[in-house]
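Listed here are the chains, written in short residue letters.
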Amino acid sequence: MARGTTNASRGAVCECRASGRSVRSQALPRPCRSGPRRRRGVKVRAEGKLSDLTSVVESQQFDRGMLEDLFEVTKEMERIVEDGAECSLLAGKVMGTLFYEPSTRTRLSFETAMCRLGGKVVSTENAREFSSVAKGETLEDTVRTLEQYVDVIVLRHFQAGSARIAADAASVPLISAGDGPGQHPTQALLDIYTIQKEIGRIDETKVALVGDLANGRTARSLAYVLSKFDKVKLYFVAPDVVRINQDIKDHLTKNGCEWEEVNDLATVAAEVDVLYQTRIQKERFGDKPEDYEKAQGKYIVDKKLVTSMKKGAVVLHPLPRVGEITPEVDSDPRAAYFRQAKNGLYIRMALLTTLLKGN
């Protein structure tokens, strides 16, 4: 990516006590907090500044300039972690995690991110069962209650569109951690950051999205973000019962992003710069277990397949995996999925800093 002067490079200074060095972070205007919080709403815009961000609901909120600025902040977050520095950038802030679906990487990376920045975390282990939703409380009322206690809400929900509903009800920043088969915007941000780090560019890349593309919110979100870049080609490799939905193909065509649906993973693997594998999501098949059986195990990334890939290519996976990448692949330098998971910490630190530093 071309790099220019960003908000991050002009930012405020966070003292990192362990190393004795100062780390720059984006400075946002600090509004008066003497009165009640104003309702924010969600800004989904084709163009904007990173400092305009009020909630993170879908990938379309981020244009290329915002992504470049976010990546500059993310690099500073990496340096904070690498230095082992004690950072008080978000001291006094509290994050609430509200997860209605299971999560390992997303939840723990968000909570770690807040701790790394000096903030605190409150959470519920299983909001679907151990919150007042079990008594019939609406999502909107849950959010309006939680915002009385916290400065930012991280929500994972089982219904597509729930993140927007919650953000519209909230008067504090809300970050979607995935809404059913809808989107997972922060995963897309860490994925695109990983591609930039591993490949050295995003423009002029060939990316294969493999697996459950009908239900895969990570693949949907990544496709939206990739369409912001130049001369990217996407290959969709999926069993018939979980092919990519038409709305994604229409979006890519409208934005001039080349795409192709293919069946032969081995041929595509030798062509692409990024092979993005996903699991077949059994929990999304409901009362159609026969469709799950048709899809499961059709496309496997093993050592033979990876050996056929270009030397500088990478294999990514949002994880968890359930057999679609064999363990023997882990030792190959092209296997970047655990490095990808680590980047999730840095991206989420950057998002929390962006949303909370000036509030």
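Up top you'll find the structure we're talking about.
Definitions and limits used
Residues numbered from 1 in each chain as written. Predicted model: local features only at pLDDT ≥ 70, side-chain atom pairs only at ≥ 80, totals over all residues. Heavy atoms only, no water. Helix = DSSP H or I, 4+ residues; strand = E, 2+ residues; numbered from the N terminus. Contact = heavy atoms within 4.5 Å. Areas by Shrake-Rupley, 256 points an atom, 1.4 Å probe, with all protein chains shown as cover. Axes fitted to C-alpha atoms, helices over the stretch in contact; angles between N-to-C directions. Parallel < 35°, antiparallel > 145°, perpendicular 65-115°, else oblique. Left-handed = near helix turned anticlockwise from the far one by under 90°. Nonpolar A, V, L, I, M, F, W, Y, C, P; charged D, E, K, R; others polar. 1 Å grid on protein atoms, 1.4 Å probe; cavity = no way out; pocket = protein on both sides within 12 Å on 5 of 7 lines; lining within 4 Å. Points joined across faces, edges and corners; volume = space filled by probe spheres on them. Expected span 1.5 Å × (residues − 1). Buried < 20%, exposed > 50% of the residue type's maximum accessible area, 1.4 Å probe, protein only. Pairing = 2+ DSSP bridges. Core = buried A, V, L, I, M, F, W, Y, C linked by side-chain atoms within 4.5 Å. Domains from an automatic or database assignment. Right-handed = clockwise from strand over helix to strand, strands pointing away.

Colleague: Before we go on, may I ask you to explain the overall build of the chain in this structure?
Modeller: When you go through the chain residue by residue, the secondary structure sums to 11 helices and 11 strands. Summarising the internal contacts of the chain: among those between residues at least 6 apart in sequence, 72% fall at separations of at least 24. By element, 47% of the accessible surface of the chain is carried by carbon and sulfur atoms, the whole surface being about 15,200 Å².

Colleague: Got a minute to help me understand the packing of helix 1 (residues 64-83) against helix 11 (residues 337-356) in this structure?
Modeller: For any two helices packed against each other, one specifies the crossing angle of their axes together with the interaxial distance. Following both chains from N to C, one finds helix 1 and helix 11 inclined at 115°, their axes separated by 8 Å at the closest point. What the angle tells us is that helix 1 and helix 11 run roughly perpendicular. Along this stretch, helix 1 crosses helix 11, giving a crossing that reads as right-handed. The residues of helix 11 that touch helix 1, namely those facing L70, F71, V73, T74, M77, E78, I80 and V81, are L345, Y346, I347, M349, A350, L351, T353 and T354. When grouped by side-chain class, the residues that make up the contact of helix 1 with helix 11 number 12 nonpolar, three polar and one charged.

Colleague: Any chance you could explain empty space enclosed by the protein here in plain terms?
Modeller: Rolling a probe over the atoms, with the probe sized like a water molecule, indicates the empty space that remains. This structure, assessed with the given rule, holds two cavities of 30 Å³ or more. In this structure, the largest cavity occupies an estimated 70 Å³ of space. Looking at the largest cavity, it is lined by 13 residues, and the ones nearest its centre are T278, I280, G297, Y299 and E324. Class assignment of the residues belonging to the lining of the largest cavity gives a composition of five nonpolar, six polar and two charged.

Colleague: It is not clear to me how helix 11 should be interpreted in this structure. Could you clarify?
Modeller: For an α-helix the count is 3.6 residues per turn, leaving residues at separations of three or four pointing the same way. Look at helix 11: 29 Å from first C-alpha to last across 20 residues, which is about the 28 Å you get at 1.5 Å a residue. The buried fraction of helix 11 is high, at 16 of 20 residues.

Colleague: When you look at the sheet that holds strand 4 (residues 120-124) in this model, what are you seeing that I'm missing?
Modeller: Remark on secondary structure: sheet strands pair via backbone hydrogen bonds, oriented parallel or antiparallel. On the basis of which strands lie adjacent, the open sheet formed by four strands has the order 4-3-5-6 and parallel pairing. In this open sheet, the two edge strands, each paired with only one partner strand, are strand 4 and strand 6 (174-179). Here the strands of the sheet are splayed against their neighbours by 15° on average, with no regard to which way each runs. In the sheet, strand 3 (residues 94-99) pairs with strand 4 via five bridges, with the strands oriented parallel. Opposite T97, over in strand 4, you have S123 as the bridge partner.

Colleague: Which parts of the structure should I look at to understand the nonpolar core?
Modeller: Membership of the largest hydrophobic core comes to 65 residues, with the highest contact counts inside it found for F62, I192, L209, L226, L234 and L352. Among the elements that make up this core, the one with the highest residue count is helix 11 (nine residues). Taken domain by domain, this core gets at least three of its residues from each of domain 1 (64-182 + 342-356) and domain 2 (186-339). Once you skip the residues sitting within four places of it in the chain, F62 turns out to touch L53, V56, L67, L70, L189, K228 and L351. In terms of nonpolar packing, the next biggest core, distinct from the first, is built from 21 residues, V210, L265, V272 and L305 among them.

Colleague: Looking at this structure, I do not really get the pairing of strand 5 (residues 152-157). What am I missing?
Modeller: For a regular strand, the rule is simple: side chains alternate between the two faces of the sheet. For strand 5, the buried fraction is high: six of the six residues fall into the buried class. Examined bridge by bridge, strand 5 and strand 6 share four bridges and lie parallel to one another. Bridge pairing links V154 to I175 in strand 6. Regarding topology, helix 4 (residues 162-169) serves as the crossover connection from strand 5 to the parallel strand 6, and that connection is right-handed.

Colleague: Can you walk me through the packing of helix 3 (residues 139-146) against helix 4 in this structure?
Modeller: One way to put it is that helix 3 packs onto helix 4 with a least axis distance of 9 Å and a crossing angle of 45°. One way to sum up the angle between helix 3 and helix 4 is to call them oblique. Seen along the crossing, helix 3 lies across helix 4 with a hand that is right-handed. Only S162, I165, A166 and A169 of helix 4 make contact with helix 3, whose side of the interface consists of L139, E140, V143 and R144. Across the contact of helix 3 with helix 4, the residue classes tally to five nonpolar, one polar and two charged.

Colleague: Help me understand the sheet that holds strand 7 (residues 206-210) in this model?
Modeller: Taken together, five strands build an open sheet; the order of strands is 9-8-7-10-11 and the sheet is parallel. The open sheet has two free edges, formed respectively by strand 9 (258-262) and strand 11 (314-316), since each of these has just one partner strand. Looking at each pair of strands side by side, their axes are set apart by 20° on average, direction ignored. Pairing analysis gives three bridges linking strand 10 (residues 274-277) to strand 11, with the strands arranged parallel. Paired with Y276 across the two strands is L316, which belongs to strand 11. Contacting strand 10 and strand 11, helix 5 (residues 185-199) crosses the sheet at an angle of about 165° to strand 11.

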